[in-house]
Amino acid sequence: MLQPLIFAVPKGRILEEALPLLERAGVVPEPAFSDKSSRALSFATSRADMRIIRVRAFDVATFVAHGAAQAGIVGSDVIDEFGYSDLYAPVDLDIGHCRLSLAEPAEAADLAFASHARVATKYPNLTRRYFERIGVAAECVKLNGAMELAPSLGLAGRIVDLVSSGRTLKDNGLVETNVIMPVSARLIVNRAALKTDSERLSALIDAFRALVGERKAA
């Protein structure tokens, strides 16, 4: 008997946009998935051979890369931050659009970069690579949230974080000064699982690819 496929999805904004795609691909989570009072993390779906787990975005990549989940949906920011060789991202789902950007206090926005920058971010790898490209040594202060507080409290002069509308930056006296990369959500699969369970995972990839194509053609 085939083991169930485990499909990892991220909590938050991407999930809201991903659920309609999942349902059109024939993967409908059980009603308990929508119960906001539930602390369950693993759910049955309309497919007897598939379960959904709901975890933090960064953990989606980890579960899939290590084969604990065979497929998932996550932002391209997470994929590029980790650079897992065991991840394959065959479909840009054209949802979850935002950007990874550098921001700083409005009064400092016109100041030139020195040879060193202290930056608060949950993307230390992408941040260091960006600053390396412009010839600046970056000291990254790892935060998992509330990045916008770092400049006002003296923790770091700049931040690197995801930006959508820019409202949060503005409300905290920050301005977006450089876009590091555009971000969108991707379907990811475990490379080893794609070889050992090719029929089911290839069919899943094809279903999502077709759905994205239909939406773009509409």
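Keep in mind the model is a prediction, meaning the values are calculated, not measured. (Residues numbered from 1 in each chain as written. Predicted model: local features only at pLDDT ≥ 70, side-chain atom pairs only at ≥ 80, totals over all residues. Heavy atoms only, no water.)

Next up on the list: the overall build of the protein chain. The number of helices and strands found in the protein chain is 8 helices and 11 strands. Taken along its principal axes, the extent of the C-alpha atoms in the protein chain is 60 × 35 × 35 Å. Of all 218 residues assigned to the protein chain, the portion counted as buried reaches 44%. Put simply, 68% of the contacts in the protein chain that link residues at least 6 apart link residues at least 24 apart. Accessible area of the protein chain: about 11,200 Å², with a carbon and sulfur share of 52%. (Helix = DSSP H or I, 4+ residues; strand = E, 2+ residues; numbered from the N terminus. Buried < 20%, exposed > 50% of the residue type's maximum accessible area, 1.4 Å probe, protein only. Contact = heavy atoms within 4.5 Å. Areas by Shrake-Rupley, 256 points an atom, 1.4 Å probe, with all protein chains shown as cover.)

A few words on the packing of aromatic side chains. Applying the stated criterion across every chain yields a total of 6 aromatic pairs. Here the aromatic residues Phe58, Phe82, Tyr84 and Tyr123 are joined through ring pairs into a cluster of three or more. Sitting over the ring of Phe33, Arg54 keeps its end group 4.5 Å from the ring centre. (Phe/Tyr/Trp six-rings, centres within 6.5 Å; stacked < 30°, edge-to-face > 60°. Lys NZ or Arg CZ within 6 Å of the ring centre and 35° of its normal.)

Taken as a whole and judged by the stated rule, the model has 11 salt bridges. Asp49 serves as the salt-bridge partner of Arg47, at 2.9 Å between the closest nitrogen and oxygen. Exposure remark for Asp49: the relative accessible area of 23% places this residue in the partly exposed category. Of the charged contacts, one joins Asp49 and Arg200 as a salt bridge, the two residues approaching to 3.3 Å between their closest N and O atoms. (Salt bridge = Lys/Arg side-chain N within 4 Å of Asp/Glu carboxyl O.)

Next up on the list: the layout of surface pockets. In this structure, the largest pocket occupies an estimated 650 Å³ of space. Surrounding the largest pocket, 22 residues form its lining, Lys11, Ala57, Phe58, Lys122 and Leu162 being those nearest its centre. Counting only elements with at least two residues in the lining of the largest pocket, the list comes to α1 (13-24), α2 (57-65), α3 (76-82) and β9 (158-163). A breakdown of the residues in the lining of the largest pocket according to their chemical character gives 10 nonpolar, 4 polar and 8 charged. (1 Å grid on protein atoms, 1.4 Å probe; cavity = no way out; pocket = protein on both sides within 12 Å on 5 of 7 lines; lining within 4 Å. Points joined across faces, edges and corners; volume = space filled by probe spheres on them. Nonpolar A, V, L, I, M, F, W, Y, C, P; charged D, E, K, R; others polar.)

In this section: helix α8 (residues 198-217). When the terminal C-alpha atoms of α8 are compared, their 28 Å separation across 20 residues agrees well with the 28 Å that a helix rising 1.5 Å per residue should span. Listed as buried for α8 are Arg200, Leu201, Leu204, Ile205, Phe208, Leu211 and Val212. Projected down its long axis, α8 shows its buried positions confined to an angular sector of 135 degrees, all on one face. Counted as exposed and oriented over 90 degrees from the buried face of α8: Glu199 and Ala217. (Expected span 1.5 Å × (residues − 1). Arc of directions from axis to C-beta.)

By the burial criterion, the buried members of α1 are Ile14, Leu15, Ala18, Leu21 and Leu22. Buried residues of α1 fall within an arc of 120 degrees about the axis and therefore sit on the same side. Exposed residues lying more than 90 degrees from the buried face of α1 are Glu16 and Arg24. In this structure, the buried residues of α1 make contact with β1 (5-10), β3 (50-55), β4 (71-75), β11 (185-190) and α8. Gly26 sits one or two positions beyond α1 and adopts a positive phi of about 90 degrees.

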